[in-house]
Number of protein chains: 2
Amino acid sequence: MTEAKTAHAGTAAGSRDQVAINAIRFLAVDMVEAARSGHPGAPLGQAPLAYWLWTRYLRHDPRDPAWPNRDRFVLSCGHASALIYALLHLAGYDLPLEELKRFRQLGSKTPGHPEHGHTPGVETTTGPLGQGIANAVGMAMAERMLAAHFNRPGHRIIDHRTWVLASDGDLMEGVASEACSLAGHLRLGRLNVFYDANQISIDGSTDLTFTEDVAARYRAYGWHTLAVGDGNDLEQLDAAMRRAHDEVDRPTLVLVRTHIGYGSPRQDTAKVHGEPLGPEDAARTKENLGWPVEPPFYVPDEARQAFAEALARGGEASAGWRAALERYRDAHPSLAAELEARLAGRLPAGWEEKLPRFAPADGPLATRAASGKVLNAIAPALPELIGGSADLAGSNKTMIAGAGDFQPGNYGGRNLYFGVREHAMGAVMNGMALSRMLRPYGGTFLIFSDYMRPAIRLAALMGLPVIYVLTHDSIFLGEDGPTHQPISQLLALRAIPNLTLFRPADANETAEAWRQALENRDGPTALALSRQKLPVLEATADLARDGVARGAYVIAGGDGEPQALLLASGSEVALALDAHAELARQGIRTRVVSMPCWRRFDAQEASYRESVLPAGVSKRLAIEAGVGLGWHKYVGDGGAILSQETFGVSAPGADVARHFGFTAADVTRRVLELVG
Amino acid sequence: MTEAKTAHAGTAAGSRDQVAINAIRFLAVDMVEAARSGHPGAPLGQAPLAYWLWTRYLRHDPRDPAWPNRDRFVLSCGHASALIYALLHLAGYDLPLEELKRFRQLGSKTPGHPEHGHTPGVETTTGPLGQGIANAVGMAMAERMLAAHFNRPGHRIIDHRTWVLASDGDLMEGVASEACSLAGHLRLGRLNVFYDANQISIDGSTDLTFTEDVAARYRAYGWHTLAVGDGNDLEQLDAAMRRAHDEVDRPTLVLVRTHIGYGSPRQDTAKVHGEPLGPEDAARTKENLGWPVEPPFYVPDEARQAFAEALARGGEASAGWRAALERYRDAHPSLAAELEARLAGRLPAGWEEKLPRFAPADGPLATRAASGKVLNAIAPALPELIGGSADLAGSNKTMIAGAGDFQPGNYGGRNLYFGVREHAMGAVMNGMALSRMLRPYGGTFLIFSDYMRPAIRLAALMGLPVIYVLTHDSIFLGEDGPTHQPISQLLALRAIPNLTLFRPADANETAEAWRQALENRDGPTALALSRQKLPVLEATADLARDGVARGAYVIAGGDGEPQALLLASGSEVALALDAHAELARQGIRTRVVSMPCWRRFDAQEASYRESVLPAGVSKRLAIEAGVGLGWHKYVGDGGAILSQETFGVSAPGADVARHFGFTAADVTRRVLELVG
């Protein structure tokens, strides 16, 4: 404590900055006390850094949180949420003191971890560590990409920075390692990360497990690194921020030595990380830093004044940008119109006309191949559509021919190379989508969706329109074997709220799934696509458009009363149709329902659902080359499920199908058993 | 090609080593050709390194693949499976040439990616990149841990190394970054990784996305790094292997510059990575390297002889170890007995007697707290039980009091600090479990099981007895909010084949879930535990033992014919019991079924299942604070599900419960609606 007191005595001396810093600190402390829950330690240590950044460097307009060219601030250590709420309040965002008093309470604007879309000024949802910094890499990529696309000589309409506050925990997470390696490669010089090196994590000292040389690691990634020895020293902080700001050829990591729980009796211990100080220690902390113990949520005018200049500057900056946009509109009207359409979430008129149609005569086509054709057909009409693959571009068919590679020196390229970094891909796409001006897609094998699942979940939670191109979607991928064959992934993705999964049955359904993905602005869309060739089905040219939109539709046997229903998605639909034909030959009337999207089907009115799955037909067989769990919802008590309940095997796809009983003969037999 | 030809001309000169190296290369090429599928590029480049390691440094006995003190070899780049099959065959493992000829065919011992337990000598299942190297970190930790536990002066019964061959892709993956940071911290000097730096990944040159300084990054982790400029130069390789072998204070990374597709017309291109060369290019490659084009699968005697000495040495080494074990048995009989019991998978007799029982009078107790009590009660009787948390030990209650910390200088400590590295934790646990002498557990929040999902899946695929302690298992965790509240995780874990998930309803069910976890030797077990306090239920002291083992049981209302069934797990069981009591007051007879484990219940005989869920009772309500998907299987067409279909909210747990309708009154109302 001596150190804390001394440091305070040395710097407080009535300065307005110190008052503002302490106002941040004690708003945070009081929020946690009022909630009897939260994380006071980080804000106490981070307040000087955050204050200086927000008032001196961060270019934003609290009155217009959506200003497109604002700097982004990402609180990657989301547990320090009380810090950002204090900052947002003092900086002039629409976050009244009453909301701070309701920290972590039902319906407040101040949830336990910062939530984008819920609280103005929160750029991304954080809490799960490593995600925020990886989102920030995506934001910095988006900035370069949009600058390359929209800027013109004399018109730097996109020109901003991304600032991150990250903790030990963020930098331990693999997703951050992946994303920062990519950021170094891409030379994202407008990305600046402050590493809050307080040497304490939840379990205790970082000496317990995190003794690597973080700065050296970041230099190995190609980053510029700086160190601030005393995170309370505003001059040191200013010098580092200036250098970080001025370095535009490499991303910068500033290692800032801070003290968790600064000023409190628990300073520099894990005990101050994740629980309230309690009334006594809170009071002692205030006394230690020369702050009145009462009232709580005390904000001296001086603290507000300390933010006032920044607020004015921010307003001028955004007004200046709007004026610049007017000049841009005069000089480059079509680009300006495109920019505004993108911001409004409007896709270019007529883009759907580029969607290809396929016919059975085109021959069999893997849905991944169809996806590649669709992507390349629509990409020229949709400049906001950018993406790539986690080192499987050839397999995922994610390349846009002729669109160039996004690389240092060619930030206008639309093809992204994520490397074998699925998790970073997911988190980076979230960051790009947060620009509201890009529609990112990313490819990998369906099995490896597991690697990026935390990022997929956050896309769903934030409602970001990201598109996942997940190929090799079943055991039928064949020889690569059980390590690569997804068994539980379809269900695991269907289980995520607000994620829309389409598993198209053929090329036409694939085109329609892309249409739905692009029209889905309120959440992520996953496309599960086959490695193996599938026939283009007779009915889909006519039926897929409405059918895919509705999630399920009758693809065969719609006339009359069927004796049994066959339910399937993806490659199993063709299998069901083969069985349907064979059963018809045997005089058994069946109906085949293609179900590319459960979520969409569940959202249809009851009459449509009944028209597809009539309650009167209880003999139902679902066919899925993955776990059957979940299908009971559709097959009901009278139904059965032909599914894959074990891990797969390595063999040619047709052998795998025979081995596990996924042939038309197997399906036919199962239906015959059902109908008795 | 000039380079390849020259290099070959310079080194082949009739040497037995070169013949053996080419035999490896062309067995791999011919395997891929025969399968018309696979990855020829990596084996062509890696063969010299692998050959030299296997014949000069790897201490193993192909005749006894389970020799406990063998060195471990991990092919982290599992797509190079043809390489390890060629090595295993030539080294003398039970893998006949016929199996190599059936590469990637149904039922062969040579699946597309190496599978532990399927092919003798394959130490871990690889293919999903980054996992193998992270498993190897766990293996090296296990070696140090077991050495500390079992070795005695004059008796180094555990004393081996872990050797890894890893690719660009492995080192790009975040899980590898996390694990290698941990390995550096832990100073795992007996871990040696060869980085096959061929500068090509699937999408093309690593210049596209992976330009970091890998060696510098590993030095930042605290590793010793070496470089081999020419991966075909056996002298350079030998010197590096010697130095890696001799450095026992730090893990070693050897960057080996190799050429993918060495000797082939496609050398140094991505085109040679993942598809057969085709007959013409295969023939040209053989010609280039002076190998007979015919017959395929040609193995000259010289190549076999090149492995013969190593085979003999390996046999001597394992025989020597067995002799040493005899001396150890004489000197330390109880330790030797413990070692053998562990290897046989037998837990110490009587350990179950330490399992605590709880009574309602003990007061309410979070199941995570009960888990901590159980763990601490049984840990003294189970020295093989070791584990920790991904920086949430206090929240997960995973510390074993008084058992010491596993740290450099104290490898006998049983408490592990994984840091905020969930994915590494999962993969490291797999590596430790592969020792067959440790029972690792690892804790994090249930929500963050997503971060380690690829490792969980591999534990399930390999059948490894790993235990996941997943606390904060529902929206009822409260204030941390939607970023931390699991909605889809229970279902997503239930969907993984061979993973057994228990969600105990109270402290007694928690103790029984631990019993089941420890008795489950054939796959991983996940425990989903509450953050919030739960009552100790009246019935569980008597019923939980059998009930948890069977996955579901009647916990109330077992007498007579109920009007409705209430199905739940975890914290929702107490809620169901409250509603059951209220409904009884209203004259409605209900039965409450606690379902801690669906998998176990599904495996019971039909009569037991009928006794718990009588077909005659169609009014059923499932209660789950997560997605309802999956529960239709148990509630049937006449049932209903009270579930959580959206992301959660930040608020105190009780407020969250009221907000989303998870109160006894809500449950009562839903049942009344059902029974009409």
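Residues numbered from 1 in each chain as written. Chains lettered and ligands numbered in written order. Predicted model: local features only at pLDDT ≥ 70, side-chain atom pairs only at ≥ 80, totals over all residues. Heavy atoms only, no water.

**Q** Can you walk me through the overall build of chain A in this structure?
**A** Looking only at helices and strands, chain A features 26 helices and 20 strands. In terms of overall dimensions, chain A is globule-like: its C-alpha atoms have a radius of gyration of 28 Å, near the 26 Å expected for 676 residues. Its C-alpha atoms give chain A principal-axis dimensions of about 95 × 60 × 45 Å. Counting over 676 residues, chain A shows a buried share of 69%. When contacts within chain A are restricted to residue pairs at least 6 apart in sequence, long-range pairs at least 24 apart make up 77% of them. Accessible surface, chain A as shown: approximately 20,400 Å² in total, 49% of it carbon and sulfur. Separation between the mean location of the 67 positive side-chain charges and that of the 77 negative ones in chain A comes to 3 Å. (Helix = DSSP H or I, 4+ residues; strand = E, 2+ residues; numbered from the N terminus. Rg over C-alpha atoms; globule rule 2.2 N^0.38 Å. Buried < 20%, exposed > 50% of the residue type's maximum accessible area, 1.4 Å probe, protein only. Contact = heavy atoms within 4.5 Å. Areas by Shrake-Rupley, 256 points an atom, 1.4 Å probe, with all protein chains shown as cover. Lys, Arg positive; Asp, Glu negative; His and termini not counted. Charge placed at Lys NZ, Arg CZ, Asp CG, Glu CD.)

**Q** Quick question: what am I supposed to make of the interface of chain B and chain A here?
**A** By a widely used convention, the size of an interface equals the accessible area lost when the partners come together. At the interface, 95 residues of chain B touch 95 residues of chain A. Carbon and sulfur atoms make up 59% of the surface buried where chain B meets chain A, a total of about 7,600 Å² over both sides. Run the count over chain B and chain A and you get four salt bridges. The residue B:R104 makes a salt bridge to A:D480 at a minimum N-O spacing of 2.9 Å. Looking at the side of chain B that touches chain A element by element, the count peaks at six residues for helix α8 (residues 174-186) of chain B. Among the residues forming the side of chain B that touches chain A, the class breakdown is 38 nonpolar, 34 polar and 23 charged. (Buried area = accessible area lost by both parts, 1.4 Å probe. Salt bridge = Lys/Arg side-chain N within 4 Å of Asp/Glu carboxyl O. Nonpolar A, V, L, I, M, F, W, Y, C, P; charged D, E, K, R; others polar.)

**Q** How should the relation of the copies chain B and chain A be read in this particular structure?
**A** In this structure, two copies of a chain are linked by a rotation about an axis accompanied by a shift along it. Placing chain B over chain A gives an RMSD of 0.0 Å and needs a rotation angle of 180 degrees, together with 0.0 Å of translation along the axis. The transformation just described matches what one would write down for a two-fold rotation axis. Residue B:G174 of chain B places its C-alpha closer to the rotation axis than any other residue of that unit, at 1.8 Å. An overlap of 100% is found between the interface residues of chain B and their copies at the interface of chain A, pointing to a shared contact surface. (Least-squares fit on C-alpha atoms with pLDDT ≥ 70 in both.)

**Q** Would you take a moment to explain unusual backbone geometry for this structure?
**A** With glycine set apart, most residues show a phi of negative sign, and most peptide bonds adopt trans. Each neighbour pair has its own omega, and for A:E294 with A:P295 the value is -5 degrees, a cis peptide bond. With respect to the secondary-structure elements, A:P295 resides in the loop between α11 (278-288) and α12 (301-331). Phi at B:R187 is positive, roughly 55 degrees, even though this residue is not glycine. As for its placement among the helices and strands, B:R187 is situated in the loop between α8 and β3 (191-197). Residue B:R187 is classed as partly exposed on the basis of its relative accessible area, which comes to 40%.

**Q** Sorry, what's going on with the sheet that holds strand β13 (residues 500-502) of chain B here?
**A** Backbone hydrogen bonds are what pair the strands of a sheet, in a parallel or an antiparallel way. Residue and element names in this part refer to chain B. Taken in spatial order, the six strands of this open sheet run β10-β9-β11-β12-β14-β13, and their pairing is parallel. Whereas interior strands pair on both sides, the edge strands pair on one side only; in this sheet they are β10 (415-417) and β13. The mean angle between the axes of side-by-side strands here comes to 20 degrees, regardless of whether they run parallel or antiparallel. Sheet topology note: the β13/strand β14 (residues 525-528) ladder contains three bridges and is parallel. Its bridge partner being in β14, L501 is matched across the sheet by A526. Together, β9 (385-389), β11 (439-445), β12 (467-471), β13 and β14 form the strand contacts of helix α19 (residues 507-519), whose direction differs from that of β12 by roughly 150 degrees. (Pairing = 2+ DSSP bridges. Axes fitted to C-alpha atoms, helices over the stretch in contact; angles between N-to-C directions.)

**Q** Any chance you could explain the packing of helix α2 (residues 16-35) of chain A against α11(A) here in plain terms?
**A** For any two helices packed against each other, one specifies the inter-axial angle together with the distance between the axes. Residues and elements named next belong to chain A. Interaxial distance between α2 and α11 falls to 11 Å at its minimum, and their mutual angle equals 175 degrees. On the basis of their axis angle, the class for α2 and α11 is roughly antiparallel. Of α11, the residues touching α2 (which contributes F26, V29, D30 and E33) are G278, P279, A282, T285 and K286. Per-class residue counts for the contact of α2 with α11 are four nonpolar, two polar and three charged. (Parallel < 35°, antiparallel > 145°, perpendicular 65-115°, else oblique.)

**Q** How should I be thinking about the side chain of B:R414 in this particular structure?
**A** All names here are of chain B. Relative to the elements of secondary structure, R414 occurs in the loop between α15 (393-396) and β10. The side chain of R414 sits in the buried core without any salt bridge; E384 is the nearest counter-charge, 6.6 Å away. Side-chain polar atoms of R414 contact the backbone oxygen of A379, separated by 3.0 Å. (Polar contact = N/O pair within 3.5 Å; in protein donor to acceptor, adjacent residues only side chain to side chain.)

**Q** Help me understand the pattern of salt bridges, please; the structure alone is not making it clear to me.
**A** Residues and elements named next belong to chain A. Evaluation of the coordinates by the stated rule reveals 65 salt bridges over all chains. Ionic pairing is found between D17 and R56, a salt bridge with its closest N-O pair at 3.3 Å. Remark: R56 occurs in helix α3 (residues 41-57) and D17 occurs in helix α2; sequence separation between them is 39 residues. In this structure D17 comes out as buried when scored by relative accessible area, which is 16%.

**Q** When you look at the domain arrangement of chain A in this model, what are you seeing that I'm missing?
**A** Taken as a whole, chain A is organised into domain 1 (2-301), domain 2 (351-528) and domain 3 (551-675). Centre-to-centre, using C-alpha coordinates, domain 1 of chain A lies 52 Å away from domain 3 of chain A. (Domains from an automatic or database assignment.)

**Q** Explain helix α17 (residues 453-462) of chain B to me, please; I cannot follow it from the model alone.
**A** At 3.6 residues per turn, the α-helix brings residues three or four places apart onto the same side. Residues and elements named next belong to chain B. Counting buried positions over the ten residues of α17 gives nine, a clear majority of the element. Where α17 is concerned, the buried positions are R453, P454, A455, I456, R457, L458, A459, A460 and M462. G463 lies just past α17 and shows a positive phi near 70 degrees.

**Q** Help me out: how do you make sense of the sheet that holds strand β10 (residues 415-417) of chain A in this one?
**A** Residue and element names in this part refer to chain A. A sheet is described by the order of its strands in space; here six strands give the open sequence β10-β9-β11-β12-β14-β13, paired in parallel fashion. On the outer flanks of this sheet lie β10 and β13 (500-502), each paired with one strand and no other. When the angles between neighbouring strand axes are averaged without regard to direction, this sheet yields 20 degrees. With four bridges connecting them, strand β12 (residues 467-471) and strand β14 (residues 525-528) associate as parallel partners. What sits directly across from L470, in β14, is A528. Contacts from helix α16 (residues 422-433) reach β9 (385-389), β10, β11 (439-445) and β12 within the one sheet, and its direction differs from that of β11 by about 170 degrees.

**Q** I tried to follow helix α4 (residues 81-91) of chain B on my own but got confused; where do I start?
**A** Residue and element names in this part refer to chain B. In terms of burial, α4 is largely enclosed, as eleven of its eleven residues are buried. If you check which residues of α4 are buried, you get S81, A82, L83, I84, Y85, A86, L87, L88, H89, L90 and A91. One or two positions beyond α4, positive phi appears at G92, with a value near 110 degrees.

**Q** I'm lost on the nonpolar core in this one. Help?
**A** The nonpolar side chains of a soluble globular protein tend to be buried, and buried together. Counting 337 residues, the largest nonpolar core has A:M432, A:W514, B:M432 and B:W514 as its most contacted members. Setting aside residues up to four positions removed in sequence, A:M432 forms contacts with A:G138, A:M139, A:M141, A:A142, A:M145, A:I386, A:L416, A:F418, A:L438 and A:P440. (Core = buried A, V, L, I, M, F, W, Y, C linked by side-chain atoms within 4.5 Å.)

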